[in-house]
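The residues making up each chain are set out below.
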Amino acid sequence: MSLVKAAKEQIMNNNWVAVFPLIMLYQNLNKIKCSLISEDQLDFEAPPLAPISKLISVITTCVKETLDQFKCFVEDDAVKTSNVASDGTVHQLTSNVMSICGQLLAYEETVGTLLKGVQHQGTRKLPQSNIHRQMATYINGILKALEKNLESKSKVYDNKCLSALFLMNNYNYIRNNLKESEILTLLQDNHHDGVDLDARYIDWIHKQMEVYRLWYQPMIDVMAESNSGTVFRESDKLKDSQKDAIKSKFKVFNTTLEEQLRIQQKWAIPDPQFREWVREGNIEAIIFRYEDMCKRYEKVNFSSNNKKYIIYSTEDVEKTLTMFFDQKF
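Here is a short report on the structure shown in this document. What you see as residue numbers is a count from 1 along each chain, following the sequence as written. At least 70 in pLDDT is required for a residue's local features to be given in this predicted model, at least 80 for side-chain atom pairs to be given and counted, and no such filter applies to totals for whole chains, interfaces and linings, which use all residues. Side-chain measures were taken over the full set of non-hydrogen atoms in the model, leaving aside hydrogen atoms and water.

Moving on to the overall build of the protein chain. The secondary structure content of the protein chain amounts to 13 helices and 0 strands. In DSSP terms, a helix is any run of H or I states spanning at least four residues, a strand is any run of E spanning at least two, and both are numbered starting from the N terminus. Seen in sequence order, the protein chain has helices and strands lined up from the N terminus as α-α-α-α-α-α-α-α-α-α-α-α-α. Relative accessibility thresholds used throughout: buried, under 20% of the residue-type maximum; exposed, over 50%; partly exposed, between the two (1.4 Å probe, protein chains only). A total of 329 residues make up the protein chain; the buried ones form 48% of that total. In this description, contact between two residues means that some pair of their heavy atoms is separated by no more than 4.5 Å. Long-range pairs, those at least 24 residues apart, make up 77% of the contacts in the protein chain with a sequence separation of at least 6.

A few words now on the nonpolar core. For this analysis, a nonpolar core means a set of buried residues of the types Ala, Val, Leu, Ile, Met, Phe, Trp, Tyr and Cys, connected via side-chain atoms within 4.5 Å. Core analysis: the biggest nonpolar cluster contains 97 residues, and Y212, F250, I286 and Y290 have the highest contact counts within it. For F250, the residues in contact, after removing those within four places along its chain, are Y290, M293, C294, Y297, F302, Y309 and I310.

A 1.4 Å probe that fits into a set of points on a 1 Å grid over the protein atoms alone but cannot get out defines a cavity; an open set with protein on both sides within 12 Å along at least five of seven lines defines a pocket, and lining residues are those with an atom within 4 Å of a point. Grid points are joined across faces, edges and corners, and a volume is the space filled by probe spheres set on the points. Scanning the model with the defined rule gives 1 cavity of 30 Å³ or more in all. Estimated volume of the largest cavity: approximately 30 Å³. Along its surface, the largest cavity is lined by W16, V19, F20, T66, L67, F70, I100 and L104. When contributions to the lining of the largest cavity are tallied by element, the ones reaching two or more residues are α2 (19-40), α3 (50-76) and α4 (92-106). In terms of residues, the lining of the largest cavity owes the most to one element, α3, which gives 3 residues. Each residue gets one of three labels, nonpolar for Ala, Val, Leu, Ile, Met, Phe, Trp, Tyr, Cys and Pro, charged for Asp, Glu, Lys and Arg, and polar for the others, Gly among them. A breakdown of the residues in the lining of the largest cavity according to their chemical character gives 7 nonpolar, 1 polar and no charged.

Each pair of aromatic rings taken from Phe, Tyr and Trp, with Trp reduced to its six-membered ring, is defined by centres within 6.5 Å and is described as stacked if the planes are under 30 degrees apart, edge-to-face if over 60, and tilted in the remaining cases. Applying the stated criterion across every chain yields a total of 16 aromatic pairs. When the ring of W215 is compared with that of F324, the centres are 5.3 Å apart and the planes differ by 55°; the resulting orientation is tilted. With W215 in the loop between α9 (197-212) and α10 (217-228) and F324 in the segment after α13 (314-321), the pair connects residues that are 109 residues apart, well separated along the chain. Through a chain of ring-to-ring contacts, the aromatic side chains of Y212, W215, Y216, F324 and F325 assemble into a single cluster.

Inspection of the secondary structure puts T314 in helix α13. Any pair of nitrogen or oxygen atoms within 3.5 Å is treated as a polar contact; in protein, a donor-acceptor pairing is required on top of that, and neighbouring residues in sequence qualify only through side-chain atoms on both sides. One polar contact links T314 to E315, side chain to side chain, over a distance of 3.3 Å.

Encoded structure:
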């Protein structure tokens, strides 16, 4: 009983991993009980088994309550928005939840039985399909609570692009974790929500990517105007308004690039592959347009010193974009 009491105290402090020693103890006690029944031909309710049965009952209640409390915790933690990282990285809650779900799956038969609200009766067990459904339903509920929680936490960020990055980081972490464990297979096999779960997270990531990409929209706008407007020859004499318009385009581009480098160097994407994917998306969206804009105006006499405005080569811009999400620079 002292182990149960100690576990309860830890769980009250949100130390949810304290439930696993109880699950292991539950398994061991059931093995002992089944062994005694088999060897001594005792009835399941025989008096000699009463102390074991009582402890099993206490553990069953404690574990079931803990699993319910954990789900409530994931839902209620959404109000604690002050604990989001300033760099938009994966939230600690996300990593904790996925770790616990993975550990629960390692004890699927026992946890599924406990979630069903029954105890082992001798050698009789729940059908495996029933256990799978119980586990899938529980973990699916946890994931939905986590998704709702993250959505609430994302609203803390004043910068919409950083808010989107935060969600992308967390969705990517969940997706990778599901794929690496057997959770994805469990949920897909039990057809929860009738959707491809992996495809759902990919879709969410892409939707948030569209929001994140708003950071470079001012650059895209001036480059689009430049690459579809009047083509000037080197010998053309431009009006002052035309010169000012060209200067303004490069000023907008340069200012946006420099400002975003200062801002996004402080942001984080912990997954190296995902970080590279986001960087490549930025480069692909900007480099070729910028190269075209430079070619269009580099030999046009819009200033006594064009290099005052065409500050960056395409190589410089690409190098700058690769410095995003890297605080060492």
